[in-house]
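Summary of structural features
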Amino acid sequence: YIDRKISDFVVNLVQSISIVMLVMLLFLGLRTGFIIASLIPIVTVMTLMLMGFLDVGLNQVTLAALIMALGMMVDNAIVVAESVMVKMEQGMEAKQAAIEACDELFTPLLISTLTTSVAFLAFYLAESTMGDIVGPIFVVISLALLSSWLVALSVITMFCYLFLKVKGKDAKPGLVDRVIARMKLLYKDLILWALARRGIVVSGMFGMFALAILGFTFIAFVFFPDSDRNLITVDINLPQGTRIERTMDIVEQLEVYLTDSLQVAPGEGVGVLDWSAYIGEGPASYDLGYQADEANASYAHMLVNTSSFEANNAMVTALDRYCFDTFPDADILVSALAGGGGGVPIEIKVSGPSPDELARIGEAVKLRLSQIVGTKNVKDDWGPKSKKLVIAIDQARAQAAGVSSQDIAVSLETVLNGFRTGEYREGDKNIPILMRSGDSQQQTLASLETLNVYAQSTGKSVPLLQVASIVPDWQYGKIRRLDLNRTINVSSDLTPTGNASAIMEELTPWLDEQAASWPTGYSYNTGGDAENTAENMGAVFNYLPLSGVLILLLLVIQFNSFRKTAMVLLTIPMALIGVSLGLLVFREPFGFMPFLGLISLAGIVINNAIVLLDRIEIEQHQLKRSDQDAIIAACLQRFRPILLSTFTTVLGLLPLYLSGGEMWEGMSVSIMVGLLFGTLITLLLIPALFSLLYRIDYSAYTFDADLLDA
């Protein structure tokens, strides 16, 4: 499975590299396209080499990070090549154009690279399961972007000097050049309209942001999708005290059903391929989504390989129906392998002093939970009461007969389970040696009543009923504690259409209402996806302020202006507009991975905003243009690089969305659709905000056609 996954992601990486290089060649022509595209293999090899030095292995997360970084890494090369090209078109020699472009872009590209990298820092520092899973994304993207910055300002600049040729003014433009020129003209008209109505544009963007927030209320929440492995699990829990032979018998019946009704040969249909069963104790950890239950004679765990991931739900449904109809006394949970750390999706943990009261509350919660659509296998972790035989010792009679409580306990243990007399070592294993009577496996109440108790001190024996009485009693099989308090944990799995977040939204008001009538000392907490969300999201949120402060410091260093810094920071929440729309249109739930995509998107949008604002400063202070002309000239010059970086990032993520698996779909949609709107925000909102904050008036402005060639 791991080999296949890595192989698929390597294919996705190669596809993304090919797509990005093709976009470069298509939009920039063969010569310029090859110059910029040459950065991709250089930076990829450089990143892989640095990953090796830092002992960061290849897995689907680090390979996905490389795919995410592809579109970002070419940004630096595009901006450098575009700047050199513009200077050469203005009549500057190639060497001088390369030197000046490198000089003016050194700091802004470094700052934009660092801000994009810092956006992922919170995931790397997060102390949680998901932090461990996605933390390497920060390392890989940081290495890729810093390598890209270094290569863009050295190798790409040199290639521009050696190979870049500028067409003369009389040269006939190609098809792509004509398309770009036409788009530039349309953008010129759009930017002039936006600058003349900057108040409407800014307020309109904030209005769209409010609608995006509202749109999130219509998006389902799934913390982490199930694993896409062609594997389902079967957890079998029988009443406490059930002998392992009974557990084995149920597993054998399940195997007969699998063989007769569900098994298919590889490649010959939809069904079950093979399976393995672990009786009494679960296997060693085989996936983050697996959590072994305690070793117990009444417990078994089965791994069932299906013909494909798409067959999982059908096999779960079939096994669920068979187990429900065939084993009424067994608690059998059939489910697909959970993702992102696993665990049961819905848990309500009720704590209090009295076991009886907790059991009563637990039954009420189970009843209510089972009435909600989308739940299945509703149970608690105490299990039903089991019949036990309490041996009530008459101490006076025991002393008179010369037997102690320990003598009675040893005699019972020898007959019922076997008395441990020592152990046998075989290699690195210790095998216990048990002494027990020959008929100890089939004890009845009558045989216990005739049991003889042997006194270890004298060697004499007396009948058990002479020194004790046997009292039948119903007792709890297990009483669990959480933080030293008695706690019953009511849990539920989900049907294929169930949503944990929606179910908890329906259940929580009822729980709050019920809790108000519970006796003093009783309370509840939620676990499952709700706990995972709070823990993992909270771990990231704890470090987001640090990322925010670092980004703020980098922006202040770059611009030395609070107004420009505020402009860049205002673009971050605007990225939500595209994310909300994308998730709604593609019907993807919001969760941890789309949240990662949102943070990634914020870094890219900041990058574009920095490059645009830096160009406005160059137009104002170095080229001495008027404020009105400086904004428009900067927007027109940065139009193609920003547009190209958007296309390369969006198209480069397509293979990850189409074949990366369910885990990456929400994140890919968030970045792709969000970036399309983020580009619009950068190209319209930044100039409108700039003119608004710096009070630059366009009411009587006349456009200079020479700015199109600036």
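About the cut-offs
Residues numbered from 1 in each chain as written. Predicted model: local features only at pLDDT ≥ 70, side-chain atom pairs only at ≥ 80, totals over all residues. Heavy atoms only, no water. Helix = DSSP H or I, 4+ residues; strand = E, 2+ residues; numbered from the N terminus. Rg over C-alpha atoms; globule rule 2.2 N^0.38 Å. Buried < 20%, exposed > 50% of the residue type's maximum accessible area, 1.4 Å probe, protein only. Contact = heavy atoms within 4.5 Å. Areas by Shrake-Rupley, 256 points an atom, 1.4 Å probe, with all protein chains shown as cover. Lys, Arg positive; Asp, Glu negative; His and termini not counted. Charge placed at Lys NZ, Arg CZ, Asp CG, Glu CD. Pairing = 2+ DSSP bridges. Axes fitted to C-alpha atoms, helices over the stretch in contact; angles between N-to-C directions. Salt bridge = Lys/Arg side-chain N within 4 Å of Asp/Glu carboxyl O. Parallel < 35°, antiparallel > 145°, perpendicular 65-115°, else oblique. Left-handed = near helix turned anticlockwise from the far one by under 90°. Nonpolar A, V, L, I, M, F, W, Y, C, P; charged D, E, K, R; others polar. Expected span 1.5 Å × (residues − 1). Bend = angle between axes of the 7 residues up to and from the residue. Phe/Tyr/Trp six-rings, centres within 6.5 Å; stacked < 30°, edge-to-face > 60°. Core = buried A, V, L, I, M, F, W, Y, C linked by side-chain atoms within 4.5 Å. Polar contact = N/O pair within 3.5 Å; in protein donor to acceptor, adjacent residues only side chain to side chain. pLDDT = per-residue confidence, 0-100.

**A look at the overall build of the chain**
Helix and strand content of the chain: 22 helices and 15 strands. Expected size for 710 residues packed as a compact globule is a radius of gyration near 27 Å; at 34 Å, the chain overshoots this value by more than 25%. In terms of overall dimensions, the chain has a C-alpha envelope of 115 × 55 × 45 Å along the principal axes. Across the 710 residues in the chain, those meeting the buried criterion constitute 50%. Here the analysis covers contacts within the chain between residues at least 6 apart in sequence; of these, 80% occur between residues at least 24 apart. Accessible surface computed for the chain: about 32,600 Å², of which carbon and sulfur atoms make up 58%. Between the averaged position of the 47 positive side-chain charges in the chain and that of its 70 negative side-chain charges there is a distance of 7 Å.

**Concerning unusual backbone geometry**
The backbone phi angle of aspartate 483 is positive, close to 55 degrees, even though this residue is not glycine. The topology assignment puts aspartate 483 in the loop between strand E13 (481-482) and strand E14 (485-494). Here asparagine 560, not a glycine, exhibits a phi torsion of approximately 50 degrees, which is positive. Given the relative accessible area of 69%, asparagine 560 is considered exposed.

**Focus: the sheet that holds strand E2 (residues 272-279)**
Pairing in this open sheet of four strands is antiparallel, and the strands run E2-E3-E1-E4 from one edge to the other. Two strands bound the open sheet, and with one partner strand each, they are E2 and strand E4 (331-336). Geometrically, the sheet is characterised by an average inter-axis angle of 15 degrees between neighbouring strands, direction not taken into account. Bridge count between E2 and strand E3 (residues 299-306): seven bridges; the pairing is antiparallel. Across the sheet, valine 272 pairs through a bridge with threonine 306, a residue of E3. Against the sheet, helix H9 (residues 244-262) contacts strand E1 (231-237), E2 and E3, and its axis sits at roughly 180 degrees relative to E2. Helix H10 (residues 312-326) contacts E1, E2, E3 and E4 of the sheet and is inclined by roughly 175 degrees relative to E4.

**Focus on the pattern of salt bridges**
Inspection of every chain in the model, using the stated rule, returns 21 salt bridges. Arginine 360 is the partner of glutamate 357 in a salt bridge, and the nearest nitrogen-oxygen pair spans 2.5 Å. Of this pair, glutamate 357 and arginine 360 are both found in helix H11 (residues 355-370), three residues apart, which corresponds to roughly one turn of the helix.

**With respect to the packing of helix H3 (residues 60-89) against helix H6 (residues 129-163)**
Viewed as axis vectors pointing N to C, H3 and H6 meet at an angle of 25 degrees, and their least axial separation amounts to 8 Å. Classified by the interaxial angle, the pair formed by H3 and H6 is roughly parallel. The hand of the H3/H6 crossing is right-handed. Class assignment of the residues belonging to the contact of H3 with H6 gives a composition of 24 nonpolar, four polar and no charged.

**Observations concerning helix H20 (residues 627-652)**
Compared with the 38 Å implied by 1.5 Å per residue over 26 residues, the 37 Å span of H20 between its first and last C-alpha is a close match. Largest kink in H20: about 40 degrees, centred on phenylalanine 639, with the proline proline 641 one to four residues after it. Counting buried positions over the 26 residues of H20 gives 22, a clear majority of the element.

**Points about the packing of aromatic side chains**
Taken as a whole, this structure holds 19 aromatic pairs when the rule is applied. Both rings, one in phenylalanine 9 and one in tryptophan 664, keep their centres 6.2 Å apart while their planes meet at 70 degrees; by these two values the pair is edge-to-face. Note that phenylalanine 9 is positioned in helix H1 (residues 2-37) and tryptophan 664 in helix H22 (residues 662-693), a separation of 655 residues in sequence. Judged on exposure class, the residue phenylalanine 9 and its partner tryptophan 664 are both buried. Centroid distance phenylalanine 123 to phenylalanine 592: 5.8 Å. Interplanar angle 90 degrees. Geometry classified as edge-to-face.

**Considering the pairing of E3**
The buried fraction of E3 amounts to seven of the eight residues, a majority that puts the element mostly inside the structure. Here E1 runs beside E3; their pairing, made up of seven bridges, is antiparallel. Residue pairing in the sheet places isoleucine 236 in a bridge with alanine 300 of E3.

**Topic: the environment of alanine 265**
Mapping alanine 265 onto the fold places it in the loop between H9 and E2. C-alpha of alanine 265 to C-alpha of serine 307: the two residues are 42 residues apart in sequence and 8.6 Å apart in space.

**Overview of the pairing of strand E9 (residues 429-435)**
For strand E8 (residues 419-426) and E9, the ladder comprises seven bridges, and the chain directions are antiparallel. Paired with phenylalanine 419 across the bridge in E9 is methionine 435. Where E8 folds back on E9, the antiparallel hairpin that results is connected by two residues, among which glycine 427 adopts a positive phi of roughly 65 degrees.

**Some words on the nonpolar core**
Counting 102 residues, the largest nonpolar core has Leu39, Val134, Ile137, Ile141, Phe592, Met593 and Trp664 as the members making the most contacts within it. Here this core takes 20 residues from H3, the largest share from any one element. Apart from the residues lying within four places of it in its own chain, the contact partners of phenylalanine 592 are Phe123, Met130, Val134, Val222, Phe223, Phe224, Asn536, Met537 and Val540. By size, the runner-up hydrophobic cluster in this structure holds 44 residues, among which are Val202, Ile610, Ala633 and Leu683.

**With respect to the environment of serine 203**
With respect to the helices and strands, serine 203 occurs in helix H8 (residues 198-215). Taking the C-alpha atoms as reference, serine 203 lies 10.0 Å from leucine 685; in sequence the two are 482 residues apart. Within the structure, the side chain of serine 203 is placed 2.8 Å from the backbone oxygen of glycine 199, a separation counted as a polar contact.

**Some points on the environment of leucine 110**
Positionally, leucine 110 belongs in helix H4 (residues 94-118). Its relative accessible area of 21% is what places leucine 110 among the partly exposed residues. The contacts of leucine 110, once residues within four sequence positions are left out, are Leu146 and Trp149.

**Things to note about the side chain of threonine 115**
Residue placement: threonine 115 occurs in helix H4. Within the structure, the side chain of threonine 115 is placed 2.8 Å from the backbone oxygen of serine 112, a separation counted as a polar contact.

**Structural notes on the confidence of the model for the chain**
Chain-level statistics for the chain give a pLDDT mean of 86 and a share of 96% at 70 or above. Model confidence for the chain, summarised as mean pLDDT per element, is weakest for helix H14 (residues 445-449) at 75 and strongest for E2 at 94.

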